[in-house]
Amino acid sequence: RSSEEERPYCVQIFGYDVDRMRDAALMVQDLGADIVDINCGCPAPKVVKRGGGCELMRQPEHLQKIVSSVRKAVSIPLTLKMRSGWDESSKNAIELAKMVVSEGVEALAVHGRTRAQLYRGEADWSLVEEVAAAVDVPVLGSGDVVDRISAEQRLRGKVAGLFIGRASIW
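Each chain carries its own residue numbering, running from 1 in the written order of its sequence. Per-residue local features of the predicted model are confined to residues with pLDDT of at least 70, and side-chain atom pairs are confined, for both listing and counting, to 80 or more; whole-chain, interface and lining totals are unaffected and use all residues. Each side-chain value is derived from all of the structure's non-hydrogen atoms; neither hydrogens nor water enter the calculation.

A few points about the state of the cysteines
Throughout this description, disulfide means a covalent bond between two cysteine sulfur atoms.
Phase 1 of the analysis: A pair of sulfur atoms, both from cysteines and within 2.5 Å, is called a disulfide here. This structure, assessed with the given rule, holds zero disulfides.
Phase 2 of the analysis: Of all cysteine sulfurs in the structure, the one in C40 sits closest to C54, which takes part in no disulfide; the separation is 8.0 Å.

Some details on the packing of helix α3 (residues 60-73) against helix α4 (residues 93-102)
Phase 1 of the analysis: It is at 9 Å that the axes of α3 and α4 come closest, and there the two elements cross at 30°. In terms of orientation, α3 lies roughly parallel with respect to α4. You can see that α3 and α4 cross each other, and the crossing is right-handed. From α3, P60, L63, Q64 and V67 reach across to α4, where they touch L96, M99 and V100.
Phase 2 of the analysis: Gly is placed with the polar residues, together with every amino acid not listed as nonpolar (Ala, Val, Leu, Ile, Met, Phe, Trp, Tyr, Cys and Pro) or charged (Asp, Glu, Lys and Arg). By residue class, the composition of the contact of α3 with α4 is six nonpolar, one polar and no charged. All axes are obtained by fitting lines to C-alpha atoms, using only the stretch in contact for helices, and the reported angles, taken between N-to-C directions, cover 0 to 180 degrees. Labels follow the DSSP assignment, with helices taken as runs of H or I lasting at least four residues and strands as runs of E lasting at least two, numbered in each case from the N terminus. With respect to orientation, any angle under 35 degrees is reported as roughly parallel, any angle over 145 as roughly antiparallel, any angle of 65 to 115 as roughly perpendicular, and every other angle as oblique. The hand of a helix crossing depends on one turn: near helix anticlockwise from the far one by less than a right angle means left-handed, and clockwise means right-handed. Only heavy atoms matter for contacts: two residues are in contact if any of them lie within 4.5 Å across the pair.

Section: the packing of aromatic side chains
Phase 1 of the analysis: Only Phe, Tyr and Trp rings are paired, with Trp represented by its six-membered ring, and only when their centres lie within 6.5 Å; those with planes under 30 degrees apart are stacked, over 60 edge-to-face, the remainder tilted. If you walk through the whole model with that rule in mind, you get zero aromatic pairs.
Phase 2 of the analysis: Its end group placed over the ring of W86, R58 keeps NZ or CZ at 3.8 Å from the ring centre.
Phase 3 of the analysis: When the ring centre of Y119 is taken as origin, the NZ or CZ atom of R83, which lies over that ring, is 5.1 Å away. Put simply, a charge is over a ring when the Lys NZ or the Arg CZ is close to the ring centre, within 6 Å, and near the line of the ring normal, within 35 degrees.

Quick look at the environment of A160
Phase 1 of the analysis: By secondary structure assignment, the location of A160 is in strand β6 (residues 159-163).
Phase 2 of the analysis: A160 sits in the exposed class, given a relative accessible area of 51%.
Phase 3 of the analysis: Placed 26 residues apart in sequence, A160 and A134 show a C-alpha to C-alpha distance of 13 Å. Exposure is judged per residue with a 1.4 Å probe applied to protein chains only, and the accessible area is read against the type maximum: over 50% gives exposed, under 20% gives buried, and values in between give partly exposed.

Comments concerning the packing of helix α1 (residues 18-30) against α3
Phase 1 of the analysis: It is the contact of α1 with α3, at a shortest axis distance of 9 Å, that shows an interaxial angle of 35°. The crossing of α1 and α3 is right-handed. Residue-level inspection shows V18, M21, R22, A25, L26 and Q29 of α1 in contact with α3, the latter providing H62, K65, I66, S69, V70 and A73.
Phase 2 of the analysis: Within the contact of α1 with α3, the residues separate by chemical class into seven nonpolar, three polar and two charged.

Remarks on unusual backbone geometry
Phase 1 of the analysis: Residue P8 is bonded to the preceding R7 through a cis peptide linkage, with omega at 0°.
Phase 2 of the analysis: Summarising the element assignment, P8 is placed in the segment before β1 (10-13).
Phase 3 of the analysis: Here L118, not a glycine, exhibits a phi torsion of approximately 55°, which is positive.
Phase 4 of the analysis: The exposure class of L118 is partly exposed, given its relative accessible area of 27%.

Brief notes about the pattern of salt bridges
Close approach of charged atoms lets side chains of opposite charge pair.
Phase 1 of the analysis: We count a salt bridge whenever a side-chain nitrogen from Lys or Arg sits within 4 Å of a carboxyl oxygen from Asp or Glu. Under the counting rule described, the total for this entry stands at ten salt bridges.
Phase 2 of the analysis: Between R22 and D19 there is a salt bridge whose closest N-O contact spans 3.1 Å. Residue R22 and its partner D19 are located together in helix α1, separated by three residues, close to a single helical turn.
Phase 3 of the analysis: The class of D19 is partly exposed, set by a relative accessible area of 42%.
Phase 4 of the analysis: Residue E106 is joined to R71 by a salt bridge in which the shortest nitrogen-to-oxygen separation is 2.6 Å. Placement of E106 in the loop between α4 and β4 (107-114) and of R71 in helix α3 is noted, with a sequence separation of 35 residues between them.
Phase 5 of the analysis: Taking the relative accessible area as the measure of exposure, E106 reaches 38% and is therefore partly exposed.
Phase 6 of the analysis: Classification of R71 as buried rests on a relative accessible area of 18%.
Phase 7 of the analysis: Salt bridges sharing common partners tie together E4, R7 and D34.

On their own, these measurements won't tell you what the molecule is for.
Given below as structure tokens:
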């Protein structure tokens, strides 16, 4: 449930099955959400082992089918969250960003860490900036935004905004 004060209201979905993702997006729309977001950034083992979250970044063709199916099913804006890649040797956020935007994704959130990093090490904000420069939709960055100073440092280039995760509860 949501209230008018909470608008715009976005619901994130995750999974592997194309039909279930489409149906979930339709449910989100039918329940009154303003935006539906596809999660390709979750590194949690329980999500990844079932094919969802960041695992989709290792299966671009399958991800394309999901995005295409969801985009055709709903009329509300479609967004997507991803990481920089699976690990250091497979950073593919730029290529995937171009692909999902060509399928109708209207904004992206990019976490500057790989799945292998989980939440350790530093987020790669140069990659976030490269993704933002490579596509013509708003790109929001995520990772290591912990205060006003770090937020200001990360709003560079074409980065349109920031996601604040764990730091919001410190």
